[in-house]
Number of protein chains: 2
Amino acid sequence: MAQRTTISSYAVLALLNLRPWTGYELTQQAQRSLRYAWPKSERLLYSEPKKLVELGYATAHKEESGNRSRNVYEITTEGRHALTEWTSSRTQPPRIEIEALLRLLFADHGSTEDLNRALDELEADISEHHEAIVDLMASYLDGGHPFPERTHLSVLFATFQIEMFKTIERWIEFARDEIGEWPTTQDLGMTPRTEVLTCLLAHDQSPLDS
Amino acid sequence: MAQRTTISSYAVLALLNLRPWTGYELTQQAQRSLRYAWPKSERLLYSEPKKLVELGYATAHKEESGNRSRNVYEITTEGRHALTEWTSSRTQPPRIEIEALLRLLFADHGSTEDLNRALDELEADISEHHEAIVDLMASYLDGGHPFPERTHLSVLFATFQIEMFKTIERWIEFARDEIGEWPTTQDLGMTPRTEVLTCLLAHDQSPLDS
DNA sequence: TATGTATACTGCATAGTGCAGTAATTCAAG
DNA sequence: CTTGAATTACTGCACTATGCAGTATACATA
């Protein structure tokens, strides 16, 4: 059966391009470093390197330590070549899934408490990631980057995360204030306040800045 | 075969809670209104209402117009009840997939041109969505909301989109400036400039504000 | 009359997820 | 020194979701 190279294949291949990894290491590393750009399940991250071997883009060899074995994967010249081809394809459009926002869209089915709870949960998820990135940056200052020569890339990437997280947190506060003025979630329609917001947005202006 | 209710099921159910829709209408409406919170394929949006019927959460009846038929789906009392249960479950953490950022993380395999192209493509995708939302808000000002009593929800949701899009666009400009100072994508490591950025991020400060 | 676009779907192969299960290793508490 | 919990190191399976090709009608325009 012919295997197809997906973006996830390239993601794993790019990791293998840095150094050889065991299957387990790949899952751990990918969860840590790729999570915010390309979140994939542990299960997939175990399968991808096998696919790469079938494609001839990597080699696998079993390492025995005592009674337990683990697979070590290494990139091939073919694999490095395939990586270069990746850049010639168009990047996929971004894809953003936020269930809390879906609940906001249909908030009129529930109470303002339900809606606020959804926002609380979103805030909790975001601030967890936010703190993790800040801690990671602190560790980089102490020379803690696993590939020191690649620090410039990780840090530029991290600026994106921080901007995003700050924006979302700022919006959550804003949204809570707005919702706080609502007597209910239903049938408010185009209130004077909503009209002000709509007008700002129609002129591409941020309601959070005022 | 017992069907399971996923978040996508609830998303479609929430649409059906507004009014009856045909399968085709559901796919179109979901692409327009849910795309930014819960992007799902047309294929799935055709399948979900069938699942809802099997679960007893909706009814289907064929409408004939000439030689062509279409399915009209309507929510049941059971379905409305199920919707209420949705709010009692924890919201899923957000999931953000941006291939352009993945390419940034591994940009040292290619040239600065490759990286800039990825950013250009991201910018094109974002600005397309950005403009669409601004236009949508302009149409709301003229009373163009399909469910006028729900305008307050759509507009608060739109504030999120606009904030996100502006943030991403601002970051792209910032990133282009940074990359413009790079002689190459490789082996720069912890440059003085990167150290400044890392320091700011470690103190949870935005490098874009300065 | 031809042709393109919108309507209105279905089938199928494949990508990806979640969860359960298996089994060895390590390390700290009792 | 032994019991139990956590970590390492995966695999199998059922199911969710996507992309694409295919089918067929309706309608407007050239």
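Up top you'll find the structure we're talking about.
For the structure given in this document, a descriptive report is provided here. Just so it is clear, the structure is predicted and the values come from calculations on it, not from any experiment.

Basis of the calculations
- Residues numbered from 1 in each chain as written.
- Chains lettered and ligands numbered in written order.
- Predicted model: local features only at pLDDT ≥ 70, side-chain atom pairs only at ≥ 80, totals over all residues.
- Heavy atoms only, no water.
- Helix = DSSP H or I, 4+ residues; strand = E, 2+ residues; numbered from the N terminus.
- Rg over C-alpha atoms; globule rule 2.2 N^0.38 Å.
- Buried < 20%, exposed > 50% of the residue type's maximum accessible area, 1.4 Å probe, protein only.
- Pairing = 2+ DSSP bridges.
- Near = heavy atom within 4 Å.
- Polar contact = N/O pair within 3.5 Å; in protein donor to acceptor, adjacent residues only side chain to side chain.
- Nonpolar A, V, L, I, M, F, W, Y, C, P; charged D, E, K, R; others polar.
- Arc of directions from axis to C-beta.
- Contact = heavy atoms within 4.5 Å.
- Buried area = accessible area lost by both parts, 1.4 Å probe.
- Axes fitted to C-alpha atoms, helices over the stretch in contact; angles between N-to-C directions.
- Parallel < 35°, antiparallel > 145°, perpendicular 65-115°, else oblique.
- Left-handed = near helix turned anticlockwise from the far one by under 90°.
- Least-squares fit on C-alpha atoms with pLDDT ≥ 70 in both.
- Salt bridge = Lys/Arg side-chain N within 4 Å of Asp/Glu carboxyl O.

What follows deals with the overall build of chain A. The helix and strand tally for chain A stands at 8 helices and 4 strands. Listing every helix and strand of chain A by position from the N terminus yields α-β-α-α-β-β-α-β-α-α-α-α. Taken over the C-alpha trace, chain A has a radius of gyration of 23 Å; the compact-globule value for 210 residues is 17 Å, which it surpasses by more than 25%. Seen along its three principal axes, the alpha-carbon backbone of chain A occupies a region of about 65 × 45 × 40 Å. The proportion of buried residues among the 210 residues of chain A is 50%.

A few words on the pairing of strand β2 (residues 58-65) of chain A. Along any regular strand the residues' side chains alternate between the sheet's two faces. Looking at chain direction, β2 of chain A and strand β3 (residues 68-75) of chain A are connected through 8 bridges and run antiparallel. Pairing of Ala 60 of chain A across the sheet is with Tyr 73 of chain A, part of β3 of chain A.

Turning to the protein's contact with DNA strand D, a few remarks are in order. Around DNA strand D, the surrounding shell holds 23 residues, and the nearest of these are Tyr 24, Arg 43, Lys 50 and Arg 68 of chain A together with Arg 68 of chain B. Backbone atoms, meaning sugar and phosphate, make up 70% of the atoms of DNA strand D lying within 4 Å of the protein. One nitrogen or oxygen atom from the side chain of Tyr 24 of chain A is found 2.3 Å from a phosphate oxygen belonging to DNA strand D. Between DNA strand D and the protein, one listed contact pairs a phosphate oxygen with a side-chain N or O atom of Arg 95 of chain A at 2.8 Å. Of all elements in the fold, only α2 (23-34), α3 (42-55) and β3 of chain A together with α3 (42-55) of chain B reach the threshold of two or more residues within the surface near DNA strand D. Ranked by residue count, the leading element in the surface near DNA strand D is β3 of chain A, at 4 residues. Its residues placed into classes, the surface near DNA strand D shows 4 nonpolar, 9 polar and 10 charged.

If you check which residues of helix α4 (residues 77-86) of chain A are buried, you get Gly 79, Ala 82, Leu 83 and Trp 86 of chain A. Take α4 of chain A and look down its axis: the buried residues cluster within an arc of 105°, on one side only. Exposed and oriented more than 90 degrees from the buried face of α4 of chain A are Thr 77 and His 81 of chain A. For α4 of chain A, the elements touching its buried residues are α1 (7-16) and β3 of chain A together with α5 (99-105) of chain B.

The environment of DNA strand C is made up of 22 residues, and the closest members are Ser 41 of chain A together with Tyr 24, Arg 43, Lys 50 and Arg 68 of chain B. Restricting the count to atoms of DNA strand C within 4 Å of the protein gives a sugar and phosphate share of 70%. Within the contact set of DNA strand C, a base nitrogen lies 3.1 Å away from a side-chain nitrogen or oxygen of Arg 68 of chain A. Within the side chain of Arg 68 of chain B, one N or O atom sits 2.6 Å away from a base oxygen of DNA strand C. Residue assignment for the surface near DNA strand C shows that the elements contributing at least two residues are α3 of chain A together with α2 (23-33), α3 and β3 (68-75) of chain B. Top element by residues in the surface near DNA strand C is β3 of chain B. It accounts for 4 residues. The class makeup of the residues in the surface near DNA strand C is 4 nonpolar, 8 polar and 10 charged.

With 98 residues of chain A at the contact, the number on the chain B side is 98 residues. Summed over both sides, the interface of chain A with chain B buries roughly 9200 Å², with 68% coming from carbon and sulfur. Three residues, Glu 97, His 152 and Leu 156 of chain A, lead the burial of chain A against chain B; their summed loss comes to 8% of the area buried on that side. In this structure, the connection of chain A to chain B is made through 49 residue pairs in polar contact (both at pLDDT 80 or more). If you list the elements that add at least two residues to the side of chain A that touches chain B, you get α1, α2, α4, β4 (95-97), α5 (99-105), α6 (112-141), α7 (151-180) and α8 (192-202) of chain A. No other element matches the 23 residues that α7 of chain A contributes to the side of chain A that touches chain B. Bridge count between β4 of chain A and strand β4 (residues 95-97) of chain B: 3 bridges; the pairing is antiparallel. Bridging from a neighbouring strand, Arg 95 of chain A pairs with Glu 97 of chain B of β4 of chain B.

Before going further, it helps to examine the packing of helix α6 (residues 112-141) of chain B against helix α7 (residues 151-180) of chain B. Axis angle and axis distance: for two packed helices, these are the angle between their axes and the distance between the axes, and together they describe the pair. Residue and element names in this part refer to chain B. Running from amino to carboxyl end, α6 crosses α7 at an angle of 155°, the nearest separation of the two axes being 9 Å. Classified by the angle between their axes, α6 and α7 sit roughly antiparallel to one another. As α6 packs across α7, the resulting crossing turns out to be left-handed. Residue composition of the contact of α6 with α7, by class: 17 nonpolar, 8 polar and 5 charged.

Between chain A and chain B, which share one sequence, the superposing operator has a rotation angle of 180° and an axial displacement of 0.0 Å; the RMSD is 0.0 Å. When the rotation and shift are considered jointly, the pair of chain copies conforms to a two-fold rotation axis. Every residue of chain A has its C-alpha some distance from the rotation axis, and the shortest such distance is that of Ile 96 of chain A, at 2.3 Å. A shared interface surface links the copies, since 100% of the contact residues of chain A are contact residues in chain B too.

Moving on to unusual backbone geometry. Residue and element names in this part refer to chain A. Phi is positive for Asp 204, which is not a glycine, with a value near 55°. Here Asp 204 lies in the segment after α8. For Asp 204, a relative accessible area of 28% translates into the label partly exposed.

The next thing to look at is the sheet that holds β3 of chain B. Residues and elements named next belong to chain B. The strand order across the open sheet formed by 3 strands is β1-β3-β2, and the pairing between neighbours is antiparallel. With partners counted over all chains shown, the strands left at the sheet margins are β1 (21-22) and β2 (58-65), one partner each. Lying on the sheet, helix α1 (residues 7-16) is in contact with β1, β2 and β3; it crosses β3 at an angle near 95°.

On to the pattern of salt bridges. Applying the stated criterion across every chain, the model contains 30 salt bridges over all chains. For Lys 40 of chain B, the salt bridge identified is with Glu 97 of chain A, shortest N-O distance 3.3 Å. Within this pair, whereas Lys 40 of chain B is found in the loop between α2 and α3, its partner Glu 97 of chain A is found in strand β4, the two belonging to separate chains. Here the salt bridges share partners, and the residues they tie into one network are Lys 40 of chain A together with Arg 95 and Glu 97 of chain B.

Coordinates in, geometry out; function isn't part of it.
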